[in-house]
Amino acid sequence: MEIQPSSQLGLEEVERQSVDYHPSIWEDFFIKNPPVSQEKLVMAFVKLRNDELKTEVRKMLVDATDTLQSLELIDRIQRLGVAYHFEKEINEQLLRIHNTYFDSNDLYAVALHFRILRQQRYYISCDVFEKFCEEKGEFRCSLSSNVNALLSLYEAAYLSLPGEEILDKAKIFSKPLLKTSLCNLEKHLAMMVSAALDVPLVRRVDRPRTKLYLSIYKNDSLFNKLLLDFAKLDFFILQTLYQEEVRSLSIWWKDLGLAKCFPFSRDRIVELSFWLISVHHEPFLSRVRNMLTKLLALLSLTDDIYDNYGTVEELELFTNVIKSWEIEAVSMLPKYMQPCFLAFHKTINEFERELEQEQYSFRVQYLIEEIKKMAQAYYEEAKWSSELYVPKLKDQLKASLATAGHSVISCASYMAMREDIPENLFEWVTSMPAIMTSSSLIGRVMNDLASCEFDQSKGQVASTVQCYMVEHKSSKEEARMKLMEMVEEGWKIINREFMFSTISIALIQTIINITNFNVLVYKDKDHYTNSNTIMKDYIMDVLVETVELDL
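Residues numbered from 1 in each chain as written. Predicted model: local features only at pLDDT ≥ 70, side-chain atom pairs only at ≥ 80, totals over all residues. Heavy atoms only, no water.

The subject of this paragraph is the overall build of the protein chain. Helices and strands together make up the secondary structure of the protein chain, namely 24 helices and zero strands. Expected size for 551 residues packed as a compact globule is a radius of gyration near 24 Å; at 24 Å, the protein chain falls within 12% of this value. Overall size of the protein chain, expressed as C-alpha extent along the three principal axes, is 75 × 65 × 45 Å. Scored against the burial criterion, the 551 residues of the protein chain give a buried share of 58%. Long-range contacts, defined as pairs at least 24 residues apart, comprise 74% of the intrachain contacts of the protein chain with a sequence gap of at least 6. A total of about 24300 Å² of accessible surface is found on the protein chain, and carbon and sulfur atoms cover 51% of it. For the protein chain, the distance from the average site of its 62 positive side-chain charges to the average site of its 81 negative ones is 3 Å. (Helix = DSSP H or I, 4+ residues; strand = E, 2+ residues; numbered from the N terminus. Rg over C-alpha atoms; globule rule 2.2 N^0.38 Å. Buried < 20%, exposed > 50% of the residue type's maximum accessible area, 1.4 Å probe, protein only. Contact = heavy atoms within 4.5 Å. Areas by Shrake-Rupley, 256 points an atom, 1.4 Å probe, with all protein chains shown as cover. Lys, Arg positive; Asp, Glu negative; His and termini not counted. Charge placed at Lys NZ, Arg CZ, Asp CG, Glu CD.)

Structure below.
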């Protein structure tokens, strides 16, 4: 590819958009405040006690023989965020349960059985709920007073596959009843119902969900102090690890100096660190979090250059330089763009050198190709914006599913993992398979619904909302409703692909976790761009505020 520089780019005065993003709310907080415990003796004791309790919890899990008790214990272990310690034991229990005949007239038990098994890819037919319906197929009114059963049914319904109408009816039946019950419930149950109505369990990210349930579990009817003590210690140990990671990444970002070079961009290194903690919370995925936080920081900056600052002529040049991926081409760019491309090139090269030691350097080429695809899609959107063009929804999605970033984040996640991943899986994840298409659609639409008015006020490309409105001559509310129907169908496709895929649960779960984080970050508002409210509270909960330990 021959790249032709423009002698005028970056030299003439250009009228640019004005975007007023708030500055970093964290500044040097994680640099100046060391992890909650740097005392080696204290941490050694905490880890020793944690190992002792883990042995006891494992024994509880292995010794459980009653089906309902086993399911309830697994459910609590998962909610408390410690299931990653017991994957083998949980799978053995669920295989036993799946192979055992289970019949119950208790809606709570049937729904819990259905949800826990489906979550771990053990297929259960939705026909198990037919016994709770009248002849016309509606759920029996006599079930409306049992809040625990309604909550269990409601949570289970969000694991529906395309065409499972009975689970759609389960949501319609249980949701209003749960809403009206809230004012009459004990505090801990009200918190669980309220949380489920806000975001159902299977769409929540791990660490915020864990922190919430730590505060609820002590009032649970199945409370076990040993399990709570273990979960608290585990949360504390991971929190200290995350704090050190965020501190290291904050220093990296500050030393890079890009926030000062690009004052029009969003300075969000802590929020991006939290993003990756939410997607990959396990301690052994530290390298994944490190590499992906760096990648996303650079992608976020690139996004802001395309959206908020570059002219179409500059962006065409920027796109061609990225697609060439040649360090020599940087001289063709306007001076203000050069630090971004140089940092990108240097960072990806560092990834490659580290992975080369494990014979995984081939993975980096897949990531680079994804970055090139994303740059091309950014450029397509920038051209539409400059021309005030409103494309057909199908054409808009062709570009915006790429700029949603789910494909590049998933590819980069696989790239950074230490486990052996065959090359054909990189071919698969970068081919926009059905689960990726649905994940990206959900992320794009949730983003647009949360931020379309702000984006339109600063002249950005028409969102999916505007595209649908123009194409179908509909109102904004009609467009929103139709797009949310597409989102819900997307979730069902994700559930189907997860259930019947031959790819490992861990790799598929990465895509689901990315999708789940979009529910958090784009719920009602763009909490990444506007990170000084709900996002700040989540980060305080997970990274700053300590849990009370009982040592």
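Here we take up the packing of helix α14 (residues 312-324) against helix α16 (residues 362-386). It is the contact of α14 with α16, at a shortest axis distance of 9 Å, that shows an interaxial angle of 170°. One way to sum up the angle between α14 and α16 is to call them roughly antiparallel. Counting all contacts with α14, which are made through Val312, Leu315, Glu316, Thr319, Ile322 and Lys323, the residues of α16 involved are Ile371, Lys372, Ala375, Gln376, Tyr379, Ala382, Lys383 and Ser386. Along the lines of polarity and charge, the residues of the contact of α14 with α16 split into seven nonpolar, three polar and four charged. (Axes fitted to C-alpha atoms, helices over the stretch in contact; angles between N-to-C directions. Parallel < 35°, antiparallel > 145°, perpendicular 65-115°, else oblique. Nonpolar A, V, L, I, M, F, W, Y, C, P; charged D, E, K, R; others polar.)

With that settled, consider the environment of arginine 76. Tracing the sequence through the fold places arginine 76 in helix α3 (residues 67-79). A C-alpha to C-alpha distance of 19 Å links arginine 76 and arginine 96, two positions 20 residues apart in sequence. Beyond its immediate stretch of four places on either side in the chain, arginine 76 contacts Tyr108, Tyr213, Tyr217, Asp220, Leu222 and Leu227.

This part takes up the pattern of salt bridges. Side chains that differ in sign of charge can pair as their charged atoms come close. Taken as a whole, this structure holds 36 salt bridges when the rule is applied. Its salt-bridge partner being glutamate 89, residue arginine 58 comes within 2.9 Å of it at the nearest N-O pair. With arginine 58 in helix α2 (residues 40-63) and glutamate 89 in helix α4 (residues 87-98), this residue pair connects regions lying 31 residues apart in the sequence. Residue arginine 58 is classed as partly exposed on the basis of its relative accessible area of 27%. Residue class for glutamate 89 comes out buried when judged on its relative accessible area of 12%. Here aspartate 198 makes a salt bridge to lysine 523, at a shortest N to O gap of 3.0 Å. Of this pair, aspartate 198 sits in helix α8 (residues 187-198) while lysine 523 sits in the loop between α23 (505-521) and α24 (534-544), and the two are 325 residues apart along the sequence. A cluster of three or more residues bridged by salt bridges with shared partners is formed by Asp75, Arg76, Arg79, Arg115 and Asp220. (Salt bridge = Lys/Arg side-chain N within 4 Å of Asp/Glu carboxyl O.)

Attention now goes to helix α18 (residues 406-416). In terms of residue burial, α18 counts as a mostly covered element, since 11 of its 11 residues are buried. Within α18 the residues assigned to the buried category are His406, Ser407, Val408, Ile409, Ser410, Cys411, Ala412, Ser413, Tyr414, Met415 and Ala416.

Here we come to the environment of glycine 490. Following the sequence through the fold, glycine 490 ends up in helix α22 (residues 476-500). Note on glycine 490: relative accessible area 2%, which makes it buried. When the C-alpha atoms of glycine 490 and isoleucine 435 are compared, they prove to be 8.3 Å apart, with 55 residues separating the residues in sequence. Residues within four places of glycine 490 in sequence aside, it is in contact with Ser438 and Ile442.

Below, the discussion takes up helix α17 (residues 393-403). Because each turn of an α-helix spans 3.6 residues, side chains separated by three or four positions end up pointing in the same direction. Taken together, the buried positions of α17 are occupied by Leu393, Gln396, Leu397, Ala399, Ser400, Leu401 and Thr403. Just beyond α17, the residue with positive phi is glycine 405, at close to 90°.

To continue, consider the nonpolar core. Ranked by size, the top nonpolar core spans 111 residues in total, and within it Ile305, Ile348 and Leu367 carry the most contacts. The residues contacting isoleucine 348, other than those within four sequence positions of it, are Leu295, Trp325, Val364, Leu367, Ile368 and Ile371. Leu107, Val193, Tyr217 and Leu227 belong to the second largest nonpolar core, which has 68 residues in total. (Core = buried A, V, L, I, M, F, W, Y, C linked by side-chain atoms within 4.5 Å.)

Here arginine 121 is to be found in the loop between α5 (107-119) and α6 (147-157). Summary of buried charges: arginine 121 has no salt-bridge partner, and the nearest side chain of opposite charge, glutamate 497, is 9.3 Å away. A polar side-chain atom of arginine 121 sits 3.3 Å from the main-chain carbonyl oxygen of serine 501. Among the polar contacts made by the side chain of arginine 121, one reaches the main-chain carbonyl oxygen of isoleucine 503 at a distance of 2.7 Å. Residues contacting arginine 121, with those up to four places away along its chain left out, are Phe498, Met499, Ser501, Ile503, Ser504, Ile505 and Ile508. (Polar contact = N/O pair within 3.5 Å; in protein donor to acceptor, adjacent residues only side chain to side chain.)

Under the counting rule described, the total for this entry stands at 26 aromatic pairs. With a centroid separation of 6.1 Å and an interplanar angle of 70°, the aromatic rings of tryptophan 325 and phenylalanine 344 are classed as edge-to-face. You can see tryptophan 325 sitting in the loop between α14 and α15 (338-356) and its partner phenylalanine 344 sitting in helix α15, a full 19 residues away along the chain. We note that tryptophan 325, like phenylalanine 344, is buried. (Phe/Tyr/Trp six-rings, centres within 6.5 Å; stacked < 30°, edge-to-face > 60°.)

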